[in-house]
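Tertiary structure, described
Below, each chain spelled out in residue letters.
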Amino acid sequence: KGKRAFIAGIADDNGYGWAIAKSLAAAGAEILVGTWVPALNIFETSLRRGKFDGSRVLPDGSLMEITKVYPLDAVFDNPEDVPEDIKANKRYAGSSKWTVQEVAESVKQDFGSIDILVHSLANGPEVMKPLLETSRKGYLAALSASSGSSLSLTYIASERIIPGYGGGMSSAKAALESDTRVLAFEAGRKHKIRVNTISAGPLGSRAAKAIGFIDTMIEYSLANAPLQKELSADEVGHTAAFLVSPLASAITGAVIYVDNGLNAMGVGV
Ligand code: NAD
C-alpha cells in the first residue's frame, strides 16, 4: 500500500514543496497539502483551472493528484492563539480549521493517519533587515513559522554568515537544525519516527524572491560550487523522497546538503 504524505508549504508550482510532492507522488505516495491561508484561494483556483497541469506531469506521463488541500497557518496551534485582527481578516474568514491542531484533527478524521510529514515553509517578516536591526516581534515571528518538523528545509545561513538573510531567519534555521537532532532522539525513541532536514542551495522560489538577493546567490553558487550547474527543485524533491523512504532507514537527526556542494567550499574562487 502506498504511503500518505502531508506537505506543508505549497502555494504554487515553483517552490521546494511542490517538487517534493511530485517526487513522493512519483514514488506512489498519496499527497495531502497544507497551504498558507492567505494563498489558498489563488492556489486552489490555479489548480482547478489547470494552470499547474504542465508541472503536474510525473515521469510515467500521468498527472500528480493532490487528494486534498488544507488551509493552514503554521504560526497558530489552536483557535485561542489567533488574534482578533487575523480572525477578522477577509482572507482568513473564508476558511476554517486552519490552526495546526485543527488541521491535524481534520487529517485524522479524513484519513486516520499519515506516514510522512514535510515542513517546507518559512516566513521572516523582517528578512530584509539585518539581525542587529530586527525587532523582537519580527524575530519571534521568523522562529514561529520557520522551525519544527519531520522532514524540513533549512539553509546554510544557520551555520555560516550569509549577509542579507536577516530578520532572525538565520536563527530560525539554526533552531530548526537543532530541533531536528533533539526531535530525532525523542521521536525515534518514542515512536521510531525519523527526523531530518535538507539544507538546500538557492532556488528562485516565491519566498526566496521576497528576500531580494536570490539571483546573486544563484550566480554565486554557479561560480563557486564544485558542481557548476543551476540547482533544480527536483533535485531537492528526489532527496526528500529518498529520505522519507525505507532506503534511508538508518538516517535520522541529519542535515543533508543538496546544494551542488557549495557548503564544502572554504573560499570563493
Ligand atoms: P515557497 O514560497 O515555495 O514556500 C514557502 C511557503 O511557505 C509558501 O507556500 C508560503 O505560502 C508558506 N507559508 C509562509 N508562512 C506560512 C505560515 N505561517 N503557515 C503556513 N504556510 C506558510 O518557497 P521555498 O523557497 O520553496 O521554501 C520552502 C522551504 O525551503 C522554506 O523552509 C525555505 O526556507 C527553504 N529553503 C529555501 C531556499 C531557497 O533558496 N529557495 C534555500 C534553502 C532553504
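Everything that follows concerns the structure shown earlier in this document.
Report on the accompanying structure. Owing to the predicted nature of the structure, the values given are computational and were not obtained by experimental measurement.

With the rule as written, the count across this model stands at six aromatic pairs. Relative to Tyr70, the ring of Phe6 lies with its centre 6.0 Å away and its plane at 45°, an arrangement referred to as tilted. Of the two residues, Phe6 is situated in strand 1 (residues 4-8) and Tyr70 in strand 3 (residues 66-72); the sequence distance between them amounts to 64 residues. Given the relative accessible area of 6%, Phe6 is considered buried. Relative accessible area serves as the criterion here: at 4%, Tyr70 is assigned to the buried category.

The topology assignment puts Ser245 in the loop between helix 10 (233-244) and strand 7 (255-258). A residue is classified by how much of its surface remains accessible, and Ser245, at 17% relative accessible area, is buried. Polar side-chain contacts of Ser245 include one of 2.8 Å to the backbone oxygen of Phe242.

It is worth spelling out the sheet that holds strand 4 (residues 116-119) at this point. The parallel open sheet is built from seven strands, whose spatial order is 3-2-1-4-5-6-7. The open sheet is flanked by strand 3 and strand 7, the only strands paired with a single partner. Along the sheet, successive strands turn relative to each other by an average axial angle of 20°, direction set aside. Inspection of the sheet shows strand 5 (residues 151-154) paired to strand 6 (residues 196-200) by four bridges, in the parallel sense. Residue pairing for strand 6: Leu153 is matched across the bridge by Ile198. Across the sheet, helix 1 (residues 16-26) touches strand 1, strand 2 (30-36), strand 3, strand 4, strand 5 and strand 6, and the angle it forms with strand 1 is around 175°. In the packing of helix 10 onto the sheet, the strands contacted are strand 4, strand 5, strand 6 and strand 7, and the crossing angle to strand 6 comes to about 165°.

Okay, the packing of helix 6 (residues 136-146) against helix 7 (residues 169-191) next. Helix-helix packing is characterised by the crossing angle of the two axes and by the distance between the axes. In contact at an axis separation of 8 Å, helix 6 and helix 7 are set at 35° when each is read in the N-to-C sense. Both helix 6 and helix 7 take part in a crossing whose hand is right-handed. Judged by residue contacts, Tyr139, Ala142, Leu143 and Ser146 of helix 6 engage Met169, Ser171, Ala172, Lys173, Ala175 and Leu176 from helix 7. Of the residues that constitute the contact of helix 6 with helix 7, the class distribution is seven nonpolar, two polar and one charged.

The rules behind the values
- Residues numbered from 1 in each chain as written.
- Predicted model: local features only at pLDDT ≥ 70, side-chain atom pairs only at ≥ 80, totals over all residues.
- Heavy atoms only, no water.
- Phe/Tyr/Trp six-rings, centres within 6.5 Å; stacked < 30°, edge-to-face > 60°.
- Helix = DSSP H or I, 4+ residues; strand = E, 2+ residues; numbered from the N terminus.
- Buried < 20%, exposed > 50% of the residue type's maximum accessible area, 1.4 Å probe, protein only.
- Polar contact = N/O pair within 3.5 Å; in protein donor to acceptor, adjacent residues only side chain to side chain.
- Pairing = 2+ DSSP bridges.
- Axes fitted to C-alpha atoms, helices over the stretch in contact; angles between N-to-C directions.
- Contact = heavy atoms within 4.5 Å.
- Left-handed = near helix turned anticlockwise from the far one by under 90°.
- Nonpolar A, V, L, I, M, F, W, Y, C, P; charged D, E, K, R; others polar.

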